[in-house]
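Coordinate inspection notes
Each chain, letter by letter, is given below.
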Amino acid sequence: MRYAARRAALVAADPQGVTVLPAPPPAVLANDIEHRYRPESNLWYLTGLAEPGALAVVRSTEGGPGLTLFVRPRDPLAEQWTGARVGPEQAVSRHGAVAAHALDALDEKLPELLVGCRTLYYRLGRDRAMDDRVLRAVERARGLARVQGTDHPHAIMEPQVRLGAMRAIKDADEIAVLRRAA
C-alpha cells in the first residue's frame, strides 16, 4: 500500500515527531447543499481518506509508523443526504489505521498520542477552533509526560516542511496518473 510506505518515510524522517492533519468540514452552499468535497492534500497523500472533518495522527510506534484516525460516526439518516461515511470501524480496515475513533473522542485521545514525541507537525492558523483543541492537547500531554517521565512536544512545525519535499518526488503510479490527466 503506497499510503503505508509514505507514512513510513514520514516517520523515518523524524521518529520523535508526530504529525496531526485535520480535514476541513464540508463547504455548504445555500444552507443545505454541500459543495463537492475536496480533501486536505497532505491528509489524502498519507491516508487516501476523503472524509470531511476527519483528523489523522501519524507517529512512530513500536511496530513502525502508526496511523490513528478520528472520523465522523456512521449515521444512516445523514448518509441518505450526504453520502456514506467511513466510520471508525471501517477506517482501520480501509485506510490501514492502527486505531480509529469517533471525532468526539479527539479531546480525550489526542493528548495520549502526543506523549513521547518531541516535535508536533501541525499547521496553525487555518482553523482557530481546531488550533485551540490541538494546543489544549499539547498542554495536557505536558502533564501526562511529567507523570510518565517521558517527552512531549516542545516545538510546533509546519507539516509542509517534511511533506512538501516528499510530495515533490513522484512515484511510478503518480506519474501515470499525471500522464493520464495531461
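You'll find the structure just up there.
Now for a look at the structure at hand.

What counts, and at which threshold
Residues numbered from 1 in each chain as written. Predicted model: local features only at pLDDT ≥ 70, side-chain atom pairs only at ≥ 80, totals over all residues. Heavy atoms only, no water. Core = buried A, V, L, I, M, F, W, Y, C linked by side-chain atoms within 4.5 Å. Buried < 20%, exposed > 50% of the residue type's maximum accessible area, 1.4 Å probe, protein only. Helix = DSSP H or I, 4+ residues; strand = E, 2+ residues; numbered from the N terminus. Contact = heavy atoms within 4.5 Å. Pairing = 2+ DSSP bridges. Axes fitted to C-alpha atoms, helices over the stretch in contact; angles between N-to-C directions. Salt bridge = Lys/Arg side-chain N within 4 Å of Asp/Glu carboxyl O. Phe/Tyr/Trp six-rings, centres within 6.5 Å; stacked < 30°, edge-to-face > 60°. Lys NZ or Arg CZ within 6 Å of the ring centre and 35° of its normal.

A word on the nonpolar core
If you look at the biggest cluster of nonpolar residues, it comprises 20 residues, and the most contacted ones within it are Leu46, Leu69 and Leu163. Elements with a contribution of two residues or more to this core: α1 (2-13), α2 (41-47), β4 (55-61), β5 (64-71) and α7 (160-168). What Leu46 contacts, discounting residues up to four positions off in sequence, is Tyr3, Arg6, Arg7, Leu10, Leu21, Val58 and Leu163. Counting residues in hydrophobic clusters, the runner-up holds 19 residues, among them Val18, Phe70, Leu113 and Ala137.

Remarks on the sheet that holds β4
Taken in spatial order, the six strands of this open sheet run β6-β5-β4-β1-β7-β8, and their pairing is mixed. Among the strands making up the open sheet, the edge pair consists of β6 (99-102) and β8 (155-157). Strand-to-strand twist of the sheet, defined as the mean angle between neighbouring strand axes without regard to direction, takes the value 20°. Pairing analysis gives three bridges linking strand β1 (residues 17-22) to strand β7 (residues 119-121), with the strands arranged parallel. Directly across from Thr19, in β7, lies its bridge partner Tyr121. Lying on the sheet, helix α5 (residues 106-114) is in contact with β1, β4, β5, β6 and β7; it crosses β4 at an angle near 25°.

As for the pattern of salt bridges
Going through the model one piece at a time under the given rule, you end up with nine salt bridges. A salt bridge links Arg126 to Glu40, with the shortest nitrogen-to-oxygen separation between them at 3.5 Å. Placement of the pair is Arg126 in the loop between β7 and α6 (128-148) and Glu40 in the loop between β3 (33-34) and α2, with a sequence separation of 86 residues.

Description of the packing of aromatic side chains
As enumerated under the stated definition, the model contains one aromatic pair in all. Arranged with centres 6.3 Å apart and planes meeting at 75°, the rings of Tyr3 and Trp44 form a pair that is edge-to-face. Linking Tyr3 in helix α1 with Trp44 in helix α2, this pair joins segments that are 41 residues apart in sequence. The class of Trp44 is partly exposed, set by a relative accessible area of 38%. One Lys or Arg, Arg162, reaches over the ring of Tyr121 and ends 3.8 Å from the middle of that ring.

Keep in mind these numbers describe shape, not what the thing actually does.
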